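Each chain, letter by letter, is given below.
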Amino acid sequence: MGLRAVGSRAASRDGLSAGGVSAEVVQAKAAALTSALQSGAGCLPAGGVERAEAAIAKTAARTLIAGGRTVVALAGATGSGKSSLFNVLAGAEIAQVGARRPTTSTPTAAVWGSESSSALLDWLMVGARHVVAAPELPQHQTLELDGLVLLDLPDFDSQATEHRVEADRMLDLVDVFIWVTDPQKYADARLHEAYIAKLSAHDAVTITVLNQADRLTPEALAACRSDLLRLLGEDGVVDAEVIATSAKDDSGVGELRHRISAVVAGHNAAVRRLDSDLRSAATVLRSAVADSEPSLDDLADTGLVDVLSRAAGIPVILDAVERDFRRETAVITGWPVTRWARALRPAPLKLLGLSKGVSGRPGVISQSDVRSVLGRSSLPPPTPAARAAVALATRELGDQAGRELPQAWADAVTDAAMPPGGDLGDALDQAVMGTSLRARDPLWWTGFGFVQWILAMTAAVGLSWLIVLMVLGWLRLPAVDTPGLGPLPYPFLLSAGGLFIGFLMSRLSRAVGRVGARRRKGLVAARLHDSVAQVARDRLVAPVQDVLDRHRVTRESLDAASQPA
Ligand SMILES: Nc1nc2c(ncn2[C@@H]2O[C@H](COP(=O)(O)OP(=O)(O)O)[C@@H](O)[C@H]2O)c(=O)[nH]1
Ligand SMILES: [Mg+2]
């Protein structure tokens, strides 16, 4: 009971009991980080990705190992007294102490408590294992550290590279570091830079021990301690604390043991370490992602559609649609005398390979369907100027969408906005061919056509009548009385009137046809605009939007993974 109280007081001072870090929390963060790596693939820096992958793999492996054990490592430079402290804490001469050099290259483990830790030590790849049994230590000391796995690490500054590599490997895996230093070496800049500053970036638990305190007078020890505290502050260690110990006369070892027991009793040092690894990996990656994404709603505006329309030859088509309408108006409602000549001229749309399809009837296969299956229209290919305009507009789209994003994302956006080669041209051609250029024939065509026929018949009747009269006169047959309207005889009125009114009607229908042609052109222009806008959305805007969506998912996942518990 008393031990718990000491433990929890120390724990809250150190922030150990703060926040709900649990296995579930770190697993959720690992999942968020995994999702960020997926959505950000290709746009995140390789170093950061590697670090995140390592943290994810470590989280998976560590959380799989059952039990609430805490792995604490004694780390530091040669001769600081790691092995001596290890033996004092374990109550047995387990680790080899200094005299013989070089020291061993592999860590030694001491395990407190009955719970099996072989899976954990296998994962740590620590071979030398020692179970701390009750007889070695007073009962209360064993209980206090129940659940502890203490490691004596190879020296940070070992002459042998493999020792240093092994020490670094262990530092990545353990839950808590105890940095053991001594009055001679505590200020070694290399150690501070390479380890302490690096570790302070984690908010995983770090304890600093100033060993060999027995070598100093109390005044010198106090001065040395405050100097070390200052250096730790410069390393970025928040709320640094230094425990002065002596492996020779055991002073301070009790305090160190309490400190360790507080961490062990918290049962969350392991998940805290994982949490801090995941968070710092996520924080590193977060700097490769912007805080927001641009909206594409205002980018897919008319400018892009206009240049695509020109490249698709739509002005030519619309011109043909207009002329087609006028031609047809003339064929159907024109003066019958000249109508046939016009019908012989080819239809403008036919010349473009765009003869009309039947629109808007479900289940009916239209000519445009057939055309889009059979292939391209015979529209002239886009001019170099039109093509350059498309390239410029797509680059602008990419630039605008990527402006606020980090380089890798901006590049991805630009790539997405510029589909390779003729793909876009084909898509535009298909869109044009899939658009119906037809609308219902206007009713007035039929009316005018009918009236023209009546007028033509009238003229024909009048002319025939005149011919009969001429023949009768030529044969000197007695004259038949020809009825008339006032002084004008009917045959003349019928033939002249029919021809003259027919001529006027054809003029009128041409004028009305011009208005109709403009309306038809407007109607088809709107349809083609929609078709081209659809191509712009599908081929240009959607791929860019995909990249922006990936960016958003990455950003949100990284925010979730880097959130403090
Ligand atoms: N005076 C004194 N000597 C110590 C203390 N701790 C360790 N030593 C001595 O320092 C030398 C190196 O100790 P060792 O535990 O092997 O250090 P390590 O290299 O960090 O593992 C040995 O000769 C120890 O006897 C201490 O607290 N006081
Ligand atoms: Mg040693």
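Residues numbered from 1 in each chain as written. Chains lettered and ligands numbered in written order. Predicted model: local features only at pLDDT ≥ 70, side-chain atom pairs only at ≥ 80, totals over all residues. Heavy atoms only, no water.

Participant: Lay out the packing of aromatic side chains with the relevant residues and their values.
Facilitator: Enumeration over the complete set of coordinates arrives at 2 aromatic pairs. Seen from their ring centres, Phe325 and Trp445 are 5.0 Å apart, and the 45° between their planes marks the pair as tilted. Taken together, the positions of Phe325 in helix 13 (residues 314-333) and Trp445 in helix 20 (residues 443-474) put the pair 120 residues apart, joining distant regions of the chain. Taken as a pair, Phe325 and Trp445 share a single burial class, namely buried. Ring geometry for Trp444 against Phe448: centres 5.2 Å apart, planes inclined by 80°, an arrangement best described as edge-to-face. Placement of the pair is Trp444 and Phe448 together in helix 20, with a separation of 4 residues, close to one helical turn. The class for Trp444 is partly exposed, based on a relative accessible area of 22%. Phe448 sits in the buried class, given a relative accessible area of 15%. (Phe/Tyr/Trp six-rings, centres within 6.5 Å; stacked < 30°, edge-to-face > 60°. Helix = DSSP H or I, 4+ residues; strand = E, 2+ residues; numbered from the N terminus. Buried < 20%, exposed > 50% of the residue type's maximum accessible area, 1.4 Å probe, protein only.)

Participant: Describe the pairing of strand 1 (residues 70-76), naming the residues involved and giving the relevant values.
Facilitator: In terms of burial, strand 1 is largely enclosed, as 7 of its 7 residues are buried. Residues of strand 1 alternate between two faces, with Thr70, Val72, Leu74 and Gly76 on one and Val71, Ala73 and Ala75 on the opposite face, all of them buried. Two strands pair when backbone bridges link them, and strand 1 and strand 4 (residues 148-152) are joined in this way by 5 bridges, in the parallel orientation. For Thr70, the partnering residue across the bridge sits in strand 4 and is Leu148. (Pairing = 2+ DSSP bridges.)

Participant: Got a sec to walk through helix 7 (residues 161-173)? Specific residues and values, please.
Facilitator: Since the α-helix packs 3.6 residues into each turn, any two residues three or four apart lie on the same face. Relative to the 18 Å expected for 13 residues at 1.5 Å per residue, helix 7 spans 19 Å between its end C-alpha atoms, a close match to the ideal helical length. Among the residues making up helix 7, those that are buried are His163, Glu166, Ala167, Met170, Leu171 and Leu173. Within helix 7, the buried residues cover an arc of 160° as seen down the axis, which keeps them to one side. In helix 7, the exposed positions that point more than 90 degrees away from the buried face belong to Glu162 and Val165. (Expected span 1.5 Å × (residues − 1). Arc of directions from axis to C-beta.)

Participant: I'd like to hear about the pairing of strand 3 (residues 128-132), residue by residue, with values.
Facilitator: In the case of a regular strand, side chains alternate between the two sheet surfaces. Of the pairings in the sheet, the one linking strand 2 (residues 108-112) to strand 3 comprises 5 bridges and is parallel in character. The residue of strand 3 that forms the bridge with Ala110 is His130. Between the parallel pair strand 2 and strand 3, the chain is carried across by helix 5 (residues 118-124), and the sense of this crossover is right-handed. (Right-handed = clockwise from strand over helix to strand, strands pointing away.)

Participant: Explain unusual backbone geometry residue by residue, including any values.
Facilitator: One non-glycine residue, Asp250, lies in the positive phi region at around 65°. Its place among the elements puts Asp250 in the loop between strand 7 (242-244) and helix 10 (253-266). Since its relative accessible area comes to 43%, Asp250 is described here as partly exposed. Non-glycine residue Arg476 carries a positive phi angle of around 55°. Relative to the helices and strands, Arg476 is located in the loop between helix 20 and strand 8 (484-485).

Participant: Any chance you could break down the pattern of salt bridges for me, citing the residues and the numbers?
Facilitator: With the rule as written, the count across this model stands at 18 salt bridges. Residues Glu166 and Arg169 are paired through a salt bridge, measuring 3.1 Å at the closest nitrogen-oxygen approach. In this pair, Glu166 and Arg169 both sit in helix 7, 3 residues apart, roughly one turn of the helix. Residue Arg169 is classed as partly exposed on the basis of its relative accessible area, which comes to 22%. (Salt bridge = Lys/Arg side-chain N within 4 Å of Asp/Glu carboxyl O.)

Participant: Lay out the environment of Ala565 in plain terms, naming residues and giving numbers.
Facilitator: In this structure, Ala565 sits in the segment after helix 21 (490-562). Separated by 539 residues in sequence, Ala565 and Val26 have C-alpha atoms that sit 9.1 Å apart.

Participant: Describe a nonpolar patch on the surface, with residues and values.
Facilitator: On the surface, Val337, Leu463, Ile467, Met470, Val471, Trp474, Leu475, Leu477 and Leu499 cluster together into a nonpolar patch covering about 920 Å² of accessible area. If you tally residues by element for the nonpolar patch, the top one is helix 20, at 5 residues. For Leu477, the position within the fold is in the loop between helix 20 and strand 8. (Patch = residues over 30% accessible without salt bridge, like charges linked within 9 Å, V, L, I, M, F, W, Y side chains within 5 Å. Areas by Shrake-Rupley, 256 points an atom, 1.4 Å probe, with all protein chains shown as cover.)

Participant: Before we move on, could you go through a positive patch on the surface and cite the residues and values that matter?
Facilitator: A contiguous patch of positive charge, built from Arg326, Arg507, Arg510, Arg514 and Arg518, is present on the exposed surface. Along the chain, Arg518 turns up in helix 21. Arg518 gets classed as exposed once you look at its relative accessible area, which sits at 51%. (Lys, Arg positive; Asp, Glu negative; His and termini not counted. Charge placed at Lys NZ, Arg CZ, Asp CG, Glu CD.)

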